[in-house]
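Overview (structure and organization)
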Amino acid sequence: MAVGAALGGAAIQALHAQAKPPVYMVAIKEVSDQERYAKEYVSSAQKSVKDYGGEYVAAGPRSQVVGNLPHGPVVTLRWESM
C-alpha cells in the first residue's frame, strides 16, 4: 500500500510539473503619430508576436480608467507558456 501511495504521489507531481500556465501581456501605448504607428509599427509587432507563438486576445481603443495612464490603444496578448 505504501508503494502504491508513493507511486501515486509521484505521478501527481509529474503531471503537475508538466502543466504550463498561459502568459498574458496587456500593453497600453502612448501614440503621438497614429499614421506612422499604423504604417511602421503594427505589422512588424504582429509578425513578431505570431513568430513567437503569441496571439492577440483583444486590441482597440481603451476606456479612461482611474490614474495617469497613457492615452492610446490597448492590446492584450497570450502565449501558451513562458
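Scroll up to find the structure this text is about.
Structure report, in brief. (Residues numbered from 1 in each chain as written. Predicted model: local features only at pLDDT ≥ 70, side-chain atom pairs only at ≥ 80, totals over all residues. Heavy atoms only, no water.)

Moving on, we get to the packing of aromatic side chains. What the rule picks out here adds up to one aromatic pair. Each ring, one from Tyr-37 and one from Tyr-41, has its centre 5.4 Å from the other, and the planes form 25 degrees; the classification is stacked. Of this pair, Tyr-37 and Tyr-41 are both found in helix H2 (residues 34-51), four residues apart, which corresponds to roughly one turn of the helix. (Phe/Tyr/Trp six-rings, centres within 6.5 Å; stacked < 30°, edge-to-face > 60°. Helix = DSSP H or I, 4+ residues; strand = E, 2+ residues; numbered from the N terminus.)

In this section: the sheet that holds strand S2 (residues 55-60). The pairing of strands in a sheet happens through backbone hydrogen bonds and is either parallel or antiparallel. Read across the sheet, three strands follow the order S1-S3-S2 without closing on themselves; strand pairing throughout is antiparallel. The two strands at the open ends of the sheet, each matched to only one other strand, are strand S1 (23-28) and S2. Strand-to-strand, the axes of this sheet are offset by a mean angle of 10 degrees, without reference to chain direction. In this sheet, strand S3 (residues 74-79) lies alongside S2 in antiparallel orientation, the contact comprising five bridges. By the bridge assignment, Glu-55 is partnered in S3 with Arg-78. Across the face of the sheet, H2 comes into contact with S2 and S3 while running at roughly 150 degrees to S2. (Pairing = 2+ DSSP bridges. Axes fitted to C-alpha atoms, helices over the stretch in contact; angles between N-to-C directions. Contact = heavy atoms within 4.5 Å.)

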